[in-house]
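An overview of the molecular structure
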Amino acid sequence: MSFKYSQLTLAEHFSECQDLLTSDTPTFFSLLEEQIDLSEFIPVEFYCAFHLSLGRKRDYPLKGFLSALILQKILTIPTDSLLISLLSLCRELCDFCGFTKVPDAPMFTRFKQTFIPQLELMFSKMVDYTEPICQAIDSTLSSILTLDTSGVELYVKENNPKYLNTLIKQLKTYYKNNPNVDPYKMAYGLMPSQAAASSDAKQMYINGHFCYADKFSIITNGLGIVRHIAFLDDDFKQKHPDIEIDKKSDSPDEDKSIGDSSALKPVLQDFFELHPDFNPSIFLGDSAFDAIATYAFLIDELNFKKVVIAYNPRNESTLKKVGYNEYGYPLCPNDSSLVMKYRGHTREEGRADRIKWGCPKVHMKEGQYVCNCDNPCSTAKRGRTTYTYENMNFRMFPGLQRDSDEWNELYKIRTVIERAINHFKMNMCIAGRKSRDHLTTKADVLIAGIASQFTAIIADRLSYPQYLRSLKPLIA
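I will try to describe carefully the structure that is included in this document. (Residues numbered from 1 in each chain as written. Predicted model: local features only at pLDDT ≥ 70, side-chain atom pairs only at ≥ 80, totals over all residues. Heavy atoms only, no water.)

What about the sheet that holds strand β9 (residues 341-346)?
Read from one edge of the open sheet, three strands run β9-β10-β13, paired in antiparallel fashion. The sheet is open, and its two borders are formed by β9 and β13 (385-389), each paired with just one other strand. If you compare each strand with its neighbour and ignore which way they point, the axes differ by 30 degrees on average. In the sheet, strand β10 (residues 354-358) pairs with β13 via five bridges, with the strands oriented antiparallel. Its bridge partner being in β13, Gly358 is matched across the sheet by Thr385. (Pairing = 2+ DSSP bridges. Helix = DSSP H or I, 4+ residues; strand = E, 2+ residues; numbered from the N terminus. Axes fitted to C-alpha atoms, helices over the stretch in contact; angles between N-to-C directions.)

Dropping the structure here:
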């Protein structure tokens, strides 16, 4: 019995693949070309800066860079090197971007680092463009704003688990005969506040673990469409010199909450400065924003009608709650006929001014505090102490009743911002990048924001509102 073997050459394989690619332009690229022209969204200032930097006779057009980087986010292409390989192999993709030849990796990096202000401007203008789209889809959800902070972990040695584990192991060995020392807590205290290779990689506590990340703030509406991105970097601090700089404490959770609450006001101020015609009516936030000044700022200055922020347990006493009379004076928890004693004003750095009130049954005797209460509500020597403050009612009644059905339903919507951040990090490949450069990181997040606006525009023009946040089902 004899057999005949037919061997295909590499040239034949390449020719067959080439015929398949050139026989018909992929449907997705045709769809994009029909529905959207990138040029109409590029600000004039971007063209001017681009031509000023690279001149008129350039090998790579501005539209080409933007098209390639936006598609990289939409198609979940994790690295620039893979994007360059796809541009080299897929002629349709290269033609769609308008490249006659493919830029190398340093060219993409220089583009990102050079034109960050222009990317911010383009993103802001596209937010203005997509706002009517969001309002048409659901005006109620579009009137909701929610804000959160997150961070992009940078490629530094401090993010390697071996770095912390080595420190813990050394501490365990050194203090092996001292059971009172907690090596894990001590290791956190000894970790540097920023990475050695990048000062923008600050120590943070994100998603249940320590890391060194480039911190940013993000705002979305109730639909989960990103409305604003702000990196909390040196430029941001220079623009807002009054912002409180985070101080390292023993509690990583407290460090995170302090950062969130201090960033809220300047971030929202920048947002409304860029979009003065936006009129959201509801603000959603997690317990990290539960600060007295926050409620007054949101209701009095920004004119939010409802503020849905969960109580922070750090701000709540476990003791029996005090009541208040018609004048707003606190009453004894055990006897509502007794008004607590006025103890003067309390002023602390980083906290709202407060009025201090003491137990009405406590008095001084021979230089010592004495409580005549048979059933004291506090074990403190000075008896029960409580505080009142300006805008106290805003926190208790921020436009709607806490724990009502409306409150609970609105607070559930807040999770859209968590999903938006996760979409940026995972589907748009912001997380896991092997970069420690702040400018590149900032540009990648802004490009992801631009890509999210394009997704909303395309979904609207195709009359597929269900694809408002992702075009992946459409591609499939």
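This is not the end of the story, as more comes after the structure.
Remarks on the packing of helix α4 (residues 62-74) against helix α5 (residues 80-89)
The contact between α4 and α5 brings their axes to 11 Å, and the two run at 110 degrees. Regarding the angle of α4 to α5, the classification is roughly perpendicular. In this structure, α4 crosses over α5, and the sense of that crossing is right-handed. Taken together, the residues of α5 that come into contact with α4 (itself represented by Ala68, Leu69 and Gln72) are Asp80, Leu83 and Leu87. Among the residues forming the contact of α4 with α5, the class breakdown is four nonpolar, one polar and one charged. (Parallel < 35°, antiparallel > 145°, perpendicular 65-115°, else oblique. Left-handed = near helix turned anticlockwise from the far one by under 90°. Contact = heavy atoms within 4.5 Å. Nonpolar A, V, L, I, M, F, W, Y, C, P; charged D, E, K, R; others polar.)

A word on the pairing of strand β5 (residues 282-285)
Residues in a regular strand project their side chains so that they alternate between the two faces of the sheet. Neither face of β5 is left uncovered, since the one carrying Ile282 and Leu284 and the one carrying Phe283 and Gly285 both have all their residues buried. With three bridges connecting them, strand β1 (residues 144-153) and β5 associate as parallel partners. Each residue of the ladder has a partner; that of Thr146, found in β5, is Leu284. With four bridges connecting them, β5 and strand β6 (residues 306-309) associate as parallel partners. Its bridge partner being in β6, Gly285 is matched across the sheet by Ile309. Crossover handedness for the path β5 to helix α14 (residues 292-301) to β6: right-handed. (Buried < 20%, exposed > 50% of the residue type's maximum accessible area, 1.4 Å probe, protein only. Right-handed = clockwise from strand over helix to strand, strands pointing away.)

Describing the packing of aromatic side chains
In this structure the tally under the stated criterion is 24 aromatic pairs. Ring plane angle 70 degrees and centroid distance 6.3 Å describe the contact between Phe50 and Phe111, whose orientation is recorded as edge-to-face. With Phe50 in helix α3 (residues 44-54) and Phe111 in helix α7 (residues 105-114), this residue pair connects regions lying 61 residues apart in the sequence. On the accessibility criterion, Phe50 (0% relative accessible area) is buried. On the basis of an interplanar angle of 80 degrees and a centroid distance of 6.2 Å, the ring pair of Phe283 and Phe289 is categorised as edge-to-face. Of the two residues examined, Phe283 and Phe289, each falls in the buried class. Each member of the aromatic cluster is reached from another via a ring pair, and the members are Phe46, Phe50, Tyr60, Phe65, Phe99, Phe108, Phe111 and Phe115. (Phe/Tyr/Trp six-rings, centres within 6.5 Å; stacked < 30°, edge-to-face > 60°.)

Topic: a nonpolar patch on the surface
On the surface, Tyr327, Tyr329 and Val339 cluster together to form a nonpolar patch covering roughly 330 Å² of accessible area. With respect to the helices, strands and loops of the structure, Tyr327 is situated in the loop between β7 (323-324) and β8 (330-331). (Patch = residues over 30% accessible without salt bridge, like charges linked within 9 Å, V, L, I, M, F, W, Y side chains within 5 Å. Areas by Shrake-Rupley, 256 points an atom, 1.4 Å probe, with all protein chains shown as cover. Salt bridge = Lys/Arg side-chain N within 4 Å of Asp/Glu carboxyl O.)

Some points on the pattern of salt bridges
Within this structure, the stated rule accounts for 13 salt bridges. One salt bridge in this structure joins Glu409 and Lys412, with 3.3 Å as the shortest N-O distance. Of this pair, Glu409 and Lys412 both sit in helix α16 (residues 405-413), separated by three residues, roughly a single helical turn. The exposure class assigned to Glu409 is partly exposed, which follows from its relative accessible area of 48%. For Lys412, a relative accessible area of 54% puts it in the exposed group. When salt bridges with common partners are traced through the structure, they connect Lys73, Asp80, Lys112, Arg433 and Asp444 into a single cluster.

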